[in-house]
Amino acid sequence: MNISEKVQALKPSAIHEMTRLSKQYDDVAFLSWAKPASGTPEHINEAAINAIQNGLVSGYSQSDGLPVLRELIAQKLIHDNKIDAKAEEVLVTIGAIEALAASVTAVIDPGDEVILLTPTYSTHITQVKLASGIPVLIETDEENNYKPDIDKIESSVGAKTKAVILCTPNNPTGTLYSEEDLRAIAEIAVKYDLFVIVDEAYEYFIFDDQKHFSIASIPGMKNRVISVFTFTKTYAMTGWRIGYLHTSEAILSQIKKVHIPYVICVPVVSQYAAIAALSGDQKCVEDFRNKYLNARDLMCERMDQLKDFMTYVKPSGSYLMFPKIHDKRAEDSFDFAKLILDKAKVSATPGVAFGPGGESHLRFSFCVPEEMINIAFDRIEDFFKRS
Ligand SMILES: Cc1ncc(COP(=O)(O)O)c(C=O)c1O
């Protein structure tokens with residue numbers, strides 16, 4: 001009896017492996033998870049408690065989500081993302097993860113090729129493989145701030161290309177794709193009749209007066225774009241497991257055929273929490289953004305003092321940095337992450353977890369208290385100066 005070859009061929013997640021190893025040490029400065037360290041804002045917690053106390057959460061909801069929530073999401077998409085959205089075009093999902101998985105499964109047939117720009121969130125690559133698709137990985141250039149190379153994207157399109165998956169702002173590099181680049185990718189998608197699946201998980205954490213642009217806001221694109229968003233990052237709601245996607249009603253009805261047999265519906269208590277998140281004061285999001293901005297600047301300052309050992313592209317978005325490590329030992333980034341953990345008690349994510357272009361890099365999250373950043377960098381500085 002053998003487990004599926006497709007599944008056996010998948011490598012265990014380096015992110016989760018680092019978390020497991022980190023737990024074997026005491027007093028680790030933990031910068032390896034892209035999980036907001038702040039708790040969920042109190043008004044969101046209270047709404048969930050009220051929903052429980054009022055007996056609203058013990059059954060299933062509509063599989064595509066509570067109507068009030070879908071309407072609020074549509075309003076948010078119109079207002080903030082400039083997408084011409086309707087509630088009927090929204091599917092509430094178990095985080096961005098399920099939105100991505102259901103979309104990839106709905107779009108891809110075995111052997112279809114999917115273009116992805118690396119370094120990128122490796123789950124995207126894994127989901128394509130699980131759907132028996134073939135990831136076509138295009139490495140973005142660090143010297144060019146990890147900007148998408150439009151010519152390379154176009155020349156990678158072949159007879160079997162079905163979709164492009166984008167992540168903007170990008171995990172792990174923090175790069176925000178410009179409106180100009182996204183318009184150029186949209187033109188390629190139209191020219192070659194491709195789907196675009198876009199992960200916009202970090203849409204609200206944008207710095208330095210830059211603006212997030214949603215590719216689905218380009219007229220006509222919703223017939224081929226599936227846009228994925230999440231409450232996880234925006235409202236520090238990681239454990240509530242709730243996100244959503246937007247696309248045309250025709251595509252959505254197909255994605256629902258994947259969503260229902262896998263999840264039926266999203267936990268109803270989380271949907272009530274999400275209603276409170278969207279209908280409540282948005283100051284909490286602004287507060288998170290300011291906190292991440294300060295944390296980013298602090299992390300950059302600390303890295304500037306280590307120029308001989310690491311250099312970086314300043315992230316325009318997300319709460320992640322992806323420095324290149326100038327140390328031969330980092331050519332195997334997983335071994336190097338283990339070494340830093342062992343010798344400096346700092347947990348970082350090895351760059352290899354993010355596909356081609358990732359080796360010799362580590363990913364550090366700055367969604368943690370500033371004190372944690374200082375402790376981690378005191379230790380890293382000491383590590384480099386000692387060894
Ligand atoms: C780019 C990106 N997409 C999706 C996710 C998963 O989000 P969710 O918790 O909404 O499933 C993450 C989590 O780290 C992420 O970084």
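Undergrad: Can you tell me about the side chain of Asp 327, naming the residues and giving the values?
TA: Looking at the secondary structure, you find Asp 327 in the loop between strand 11 (324-325) and helix 13 (333-344). For Asp 327, a relative accessible area of 17% puts it in the buried group. In contact with Asp 327, not counting residues within four places along its chain, are Phe 336 and Phe 384.

Undergrad: Describe in detail the sheet that holds strand 4 (residues 134-139), supporting the description with residues and values.
TA: The mixed open sheet is built from seven strands, whose spatial order is 2-8-7-6-5-3-4. With one partner strand each, in any of the chains shown, strand 2 (90-93) and strand 4 form the two edges of the open sheet. Going from strand to strand, the sheet's axes swing by 20° on average, the running direction of each strand aside. Two strands pair when backbone bridges link them, and strand 7 (residues 225-230) and strand 8 (residues 243-246) are joined in this way by four bridges, in the antiparallel orientation. Residue pairing across strands places Phe 229 opposite Tyr 244, the latter belonging to strand 8.

Undergrad: Which residues make up the pairing of strand 6 (residues 195-199), and what values go with them?
TA: Counting buried positions along strand 6 yields four of five residues, so the element is predominantly enclosed. As defined by bridge partners, strand 5 (residues 161-167) adjoins strand 6 across five bridges and the pair is classed as parallel. Residue pairing for strand 6: Leu 166 is matched across the bridge by Val 198. Tracing the backbone out of strand 5, into helix 8 (residues 179-192) and back to the parallel element strand 6 gives a crossover that is right-handed.

Undergrad: Describe the nonpolar core, and please don't skip the residues or the numbers.
TA: In terms of nonpolar packing, the biggest core is built from 93 residues, with Leu 69, Leu 166, Ile 215, Phe 231, Phe 364 and Phe 377 touching the most fellow members. The element best represented in this core is helix 12 (residues 283-304), accounting for 10 residues. For Leu 166, the contacting residues outside a window of four places in its chain are Leu 117, His 124, Tyr 177, Leu 182, Ile 185, Val 196, Ile 197, Val 198, Asp 199 and Ile 215. Among the nonpolar cores identified, the runner-up in size contains 23 residues, and Leu 91, Ala 96, Ala 131 and Ala 163 belong to it.

Undergrad: Tell me about the side chain of Thr 120, and please be specific about residues and values.
TA: Among the secondary structure elements, Thr 120 is positioned in the loop between strand 3 (113-118) and helix 6 (122-130). What Thr 120 contacts, discounting residues up to four positions off in sequence, is Ile 125, Cys 167, Asn 170, Asn 171, Pro 172, Ala 353 and Phe 354.

Undergrad: Describe the packing of aromatic side chains, naming the residues involved and giving the relevant values.
TA: Both the distance between ring centres and the angle between the ring planes are used here to describe each pair of aromatic rings. Applying the stated criterion across every chain yields a total of 16 aromatic pairs. For the ring pair Phe 207 and Phe 366, a centre distance of 6.4 Å and an interplane angle of 45° mean the geometry is tilted. Of this pair, Phe 207 sits in the loop between strand 6 and strand 7 while Phe 366 is found in the loop between strand 14 (362-365) and helix 14 (370-386), placing the two residues 159 residues apart along the sequence. Aromatic pair Phe 229 and Tyr 244: ring centres 5.3 Å apart, planes at 20°, arrangement stacked. Remark: Tyr 244 occurs in strand 8 and Phe 229 occurs in strand 7; sequence separation between them is 15 residues. Lying over the aromatic face of Phe 229, Lys 76 brings its terminal NZ or CZ to 4.1 Å of the ring centre. The positively charged end of Lys 338 is found above the aromatic ring belonging to Phe 334, 4.6 Å away from the centroid.

Rules used throughout
- Residues numbered from 1 in each chain as written.
- Predicted model: local features only at pLDDT ≥ 70, side-chain atom pairs only at ≥ 80, totals over all residues.
- Heavy atoms only, no water.
- Helix = DSSP H or I, 4+ residues; strand = E, 2+ residues; numbered from the N terminus.
- Buried < 20%, exposed > 50% of the residue type's maximum accessible area, 1.4 Å probe, protein only.
- Contact = heavy atoms within 4.5 Å.
- Pairing = 2+ DSSP bridges.
- Axes fitted to C-alpha atoms, helices over the stretch in contact; angles between N-to-C directions.
- Right-handed = clockwise from strand over helix to strand, strands pointing away.
- Core = buried A, V, L, I, M, F, W, Y, C linked by side-chain atoms within 4.5 Å.
- Phe/Tyr/Trp six-rings, centres within 6.5 Å; stacked < 30°, edge-to-face > 60°.
- Lys NZ or Arg CZ within 6 Å of the ring centre and 35° of its normal.

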